[in-house]
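# Descriptive structure summary
Below are the chains, spelled out letter by letter.
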Amino acid sequence: MAPTVVVESSPAAAQPRPFLPTLNKEKTLRESFVRDEDERPKVAYNDFSNDVPVISLAGLDSDDSRRAEVRDAIVRACEEWGVFQVVDHGVDASLVSSMTEMAAAFFKLPPEEKLRFDMSGGKRGGFIVSSHLQGEAVKDWREIVTFFSYPLAGRDYSRWPDVPEGWRAVAERYSEDLMALACKLLGVLSEAMGLPTEALRDACRDMDQKMVVNYYPPCPQPDLTLGLKRHTDPGTITLLLQDLVGGLQATRDGGKTWITVQPIAGAFVVNLGDHGHYLSNGRFMNADHQAVVNANCSRLSIATFQNPSPDAIVYPLKIREGEKSIMEEPITFAEMYKRKMAKDLELARLKKLAKEDKSQEQVDEIAKAKSINEILA
């Protein structure tokens, strides 16, 4: 039987404010959040797996043999998954706790307070429902607040929350510590590629950092939607702090099977992005992941994206003997991102048309085409 959905009013209808999932009292999911059957969750939010490696960074900088051991573990994780978790990472636990408390408090604010930071209309940072991307076919069941923290000269504090009190000071410290951790991990991967420690970091030029705080409220029909649709991150490396509810999922076989990543208190989930994938000439996987929601409780996560500057060149830093470059030519990161987003929107448009034509064969062919290699070809 087809699921019951709520049809939203037309855009022309005057609305006092946008729909916020945190205020939802409806028993059925709004149509704009309902995903096609092939995109819906296949594994529960709390059906945890230990397949994603958990790596301790203890002793990484003090002992050569220990550094080699950690490097080997990170390389295996990147070759097999493109995602792993790190513990003993050196980020102060009290800082992590403060950032988490600030984030949770922000989403408990009255709607009018959150909407003071509304980022719709092309603003660079702020609060929004679902995603900052334009032209989405289906919305994600989440609220987010996002802001840019690097390069330092580009910080626009008018787009950062100013509530709860102390947000800016805590977020600044958190941003700096996460940037340092990301660079440390990139150094390990550079060495694994037989390159100088700073090679991957230098390839990013003036590194960009964006923080995205995700809040996933309880959902009336979580089996019909996603908190964050399936994707790979376009940038170099992402560090994710998540609470213990669960909902982050990963696949390494093109979406045939999914696992829910086991949450670990104080750990950071590390996702390698498309840029890192290309710099390694495909040796390291770009993490293919999504977030699911549930009907019982909210979930909070804080993602810190480390991306190259727009003019950084995307091309393998080293091509091993017997291999060829997986890229036809060097391109800028800005161009890479533009192609990825354009392809994503085009695939969504074609899938919608195929669905309307009731051509399942065409839908399947479009789904198969969603490959990062094809996006950048």
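Conventions we followed
Residues numbered from 1 in each chain as written. Predicted model: local features only at pLDDT ≥ 70, side-chain atom pairs only at ≥ 80, totals over all residues. Heavy atoms only, no water. Helix = DSSP H or I, 4+ residues; strand = E, 2+ residues; numbered from the N terminus. Buried < 20%, exposed > 50% of the residue type's maximum accessible area, 1.4 Å probe, protein only. Contact = heavy atoms within 4.5 Å. Areas by Shrake-Rupley, 256 points an atom, 1.4 Å probe, with all protein chains shown as cover. Expected span 1.5 Å × (residues − 1). 1 Å grid on protein atoms, 1.4 Å probe; cavity = no way out; pocket = protein on both sides within 12 Å on 5 of 7 lines; lining within 4 Å. Points joined across faces, edges and corners; volume = space filled by probe spheres on them. Nonpolar A, V, L, I, M, F, W, Y, C, P; charged D, E, K, R; others polar. Lys, Arg positive; Asp, Glu negative; His and termini not counted. Salt bridge = Lys/Arg side-chain N within 4 Å of Asp/Glu carboxyl O. Polar contact = N/O pair within 3.5 Å; in protein donor to acceptor, adjacent residues only side chain to side chain. Axes fitted to C-alpha atoms, helices over the stretch in contact; angles between N-to-C directions. Parallel < 35°, antiparallel > 145°, perpendicular 65-115°, else oblique. Left-handed = near helix turned anticlockwise from the far one by under 90°. Phe/Tyr/Trp six-rings, centres within 6.5 Å; stacked < 30°, edge-to-face > 60°. Lys NZ or Arg CZ within 6 Å of the ring centre and 35° of its normal. Pairing = 2+ DSSP bridges. pLDDT = per-residue confidence, 0-100.

## Details of the overall build of the chain
Broken down by element type, the chain carries 9 helices and 15 strands. Expressed as a percentage of its 377 residues, the buried residues of the chain come to 51%. Partitioning the intrachain contacts of the chain with sequence separation of at least 6 by distance along the chain shows that 77% fall at a separation of at least 24. Taken as a whole, the chain presents about 17500 Å² of accessible surface, with 51% of it coming from carbon and sulfur.

## Observations concerning helix α7 (residues 333-356)
Here α7 is 24 residues long and its end C-alpha atoms lie 35 Å apart, about the 34 Å a rise of 1.5 Å per residue gives. Regarding α7, the residues found buried are F333, M336, K340, M341, D344, L347, K351 and A354.

## Quick notes on empty space enclosed by the protein
Across all of its chains, the model carries 1 cavity of 30 Å³ or more by this definition. Approximately 30 Å³ is the volume attributed to the largest cavity. Of the residues assigned to the lining of the largest cavity, the class counts are 5 nonpolar, 2 polar and no charged.

## Let's talk about unusual backbone geometry
In this model, Y150 is joined to P151 through a cis peptide bond whose omega is 0°. Residue placement: P151 occurs in the loop between β5 (143-150) and α4 (167-192). Within the chain, R205 stands out as a residue other than glycine whose phi angle is a positive 60°. Phi at N281 takes a positive value of approximately 60°, unusual for a residue other than glycine. For N281, the location among the structural elements is in the loop between α6 (274-279) and β12 (288-291).

## Some thoughts on the side chain of R299
Within the element layout of this structure, R299 appears in strand β13 (residues 299-307). The buried charged residue R299 lacks any salt bridge, with D243 as its nearest oppositely charged partner at 4.4 Å. Within the local environment of R299, its side chain forms a polar contact with the side chain of Q242, the two groups lying 2.9 Å apart. Ignoring sequence-local partners within four residues, the contact set of R299 consists of N214, Y215, Y216, Q242, D243, V245, G246, G247, L248 and A291.

## Points about the packing of helix α2 (residues 93-107) against α4
Here α2 crosses α4 at 130°, and the two axes come no closer than 10 Å. Here α4 runs oblique to α2, going by the angle between their axes. The handedness of the crossing between α2 and α4 is left-handed. Taken together, the residues of α4 that come into contact with α2 (itself represented by L95, S98, M99, M102, A103 and F106) are W167, V170, A171, R173, Y174 and D177. Along the lines of polarity and charge, the residues of the contact of α2 with α4 split into 9 nonpolar, 1 polar and 2 charged.

## Describing the packing of aromatic side chains
Here the structure, examined in full by the defined rule, presents 13 aromatic pairs. Ring geometry for F147 against W160: centres 4.5 Å apart, planes inclined by 40°, an arrangement best described as tilted. Of this pair, F147 sits in strand β5 while W160 is found in the loop between β5 and α4, placing the two residues 13 residues apart along the sequence. Residue F147 shares its accessibility class with W160, and that shared class is buried. Put simply, the rings of F106, F107, F117, F127, F147, Y157, W160, W167 and Y215 pair up and form one aromatic cluster. R124 extends its terminal NZ or CZ atom over the ring of F148, reaching a point 3.6 Å from the ring centre. Lying across the ring of F305, K210 places its NZ or CZ 5.6 Å from the centre.

## Here's the deal with the sheet that holds β13
Pairing in this open sheet of 8 strands is mixed, and the strands run β2-β3-β11-β8-β13-β6-β5-β4 from one edge to the other. Every other strand in the sheet has two partners, leaving β2 (54-56) and β4 (126-129) as the edge strands with one partner each. Strand-to-strand twist of the sheet, defined as the mean angle between neighbouring strand axes without regard to direction, takes the value 25°. In this sheet, β13 lies alongside strand β6 (residues 208-216) in antiparallel orientation, the contact comprising 9 bridges. Paired with Y216 across the bridge in β13 is R299. Lying on the sheet, helix α1 (residues 64-80) is in contact with β2 and β3 (83-87); it crosses β2 at an angle near 160°. Against the sheet, α2 engages β4, β5, β6, β8 (237-242), β11 (268-272) and β13, with an angle of about 115° to β13.

## Considering the environment of D63
Following the sequence through the fold, D63 ends up in the loop between β2 and α1. By relative accessible area, D63 is classed as partly exposed at 35%. A distance of 2.4 Å separates a polar atom in the side chain of D63 from a polar atom in the side chain of S65. Reaching out from D63, the side chain makes a polar contact with the backbone nitrogen of R66 at a distance of 2.7 Å.

## A look at the confidence of the model for the chain
A residue-level look at the chain finds 89% of positions with pLDDT of 70 or above and a mean pLDDT of 91. Scored below 50 in pLDDT, residues 4-15 shows 16 contacts in the model against residues more than four places distant or in partner chains. Segment residues 370-377 is flagged for pLDDT under 50; beyond a separation of four residues in sequence, or across chains, it makes 18 contacts in the model.

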